[in-house]
Structures are given as structure tokens and as C-alpha cells.
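Below are the chains, spelled out letter by letter.
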Amino acid sequence: EALVGKRGEDVRATYGDASANAERPDMSLLVGQTEIERHYDRSGRVVSGGPARVVKSRYREDVFANNHTSVFGSFWCPKTSRWGYKCCGQFVKGSWCVANAAGGLGGGAEDEWSMQAMMERARKAAEEQRHISEEAAAAGGER
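In what follows, the accompanying structure is described. (Residues numbered from 1 in each chain as written. Predicted model: local features only at pLDDT ≥ 70, side-chain atom pairs only at ≥ 80, totals over all residues. Heavy atoms only, no water.)

### A closer look at the pattern of salt bridges
Tallied over the full model, the rule gives five salt bridges. Salt-bridge contacts for K6 lead to D10; the nearest nitrogen and oxygen are separated by 3.6 Å. Here the residue K6 and the residue D10 both occupy positions in helix 1 (residues 2–15), the gap between them amounting to four residues, near one helical turn. The class of D10 is partly exposed, set by a relative accessible area of 38%. Ionic contacts of the salt-bridge type, sharing partners, join the residues E120, R123 and E127 into one network. (Salt bridge = Lys/Arg side-chain N within 4 Å of Asp/Glu carboxyl O. Helix = DSSP H or I, 4+ residues; strand = E, 2+ residues; numbered from the N terminus. Buried < 20%, exposed > 50% of the residue type's maximum accessible area, 1.4 Å probe, protein only.)

### Regarding helix 1
Count 3.6 residues to each turn of an α-helix, and residues three or four apart come out pointing the same way. The end-to-end C-alpha separation of helix 1 is 20 Å, in line with the 20 Å expected for 14 residues at 1.5 Å each. Counted residue by residue, helix 1 has zero buried out of 14 residues, so it is predominantly exposed. Within two residues after helix 1, G16 carries a phi angle of roughly 90 degrees, on the positive side. (Expected span 1.5 Å × (residues − 1).)

By themselves, these figures tell us nothing about what the structure is for.
The following block contains the structure:
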């Protein structure tokens, strides 16, 4: 036991003792519950025991950046296995919302103006053009 005590002192001397100087965080944030007994009526209002205290979050909530109306990660694309913004369907975090910037085109990622929908239309158009040129080449060879 003396060896363990000596080893602990050596470690604290080398690396410092962060637990000795650490401030204790607010217990309401850690536990999220109290010992206060409250009684509620059928509609959910507090009848006795004082007002229900709302636990404050350490993070900002409902903050939308770059003209988005949803947070990053609110949309999942199973085809590409990527997260994105639900409002415009973009997958680049921190990008500007094109749906809201264009005057409210956004109806979600399923909107006809989303990036994926436009890429799909371009792919289909290229495929149709390829079929037309193949048919023209086959018709020219038959003559």
C-alpha cells in the first residue's frame, strides 16, 4: 500500500492533480432531477410544491445558421448514407440554404429543386440522349 501511495504521489507530481482544483458543476445540470415533491392536476399544471424549474441546457437550441430552417443532421439520405439539412437537402455542413435564398422554394429535401433531384434529371437526360444517338447510329447502319 505504501508503494501505491508513492506511485500516486509521483504521478501527481509529474502530471498535476486536476481534481484538487476543479470546481464542482451545478448538480441540477448533472442529475436533472431534484428531491422536491410536486403535485400536478390532470392538465399538467403544478398544484403544490412550487413552480417547476426548467433545467437550462449548456448548448444553444433552435439556432439555425446560414438561412436554414432546420439543423444539420435533420435529413438522412439512405442512397448516399449521408446526413444533411432537411430544408434544402444539402449535405455540406455550413453551406448556405439555397431553398430559402431562392425565395422559399424549399419543401424539404424531396423538393423538385433539390440538388439530388436536379442531378437525377440531368442523368436521365444524358441517358436519353445516349439512346437517341445509338438509335440514330443503328438506323444509319441499316441503310
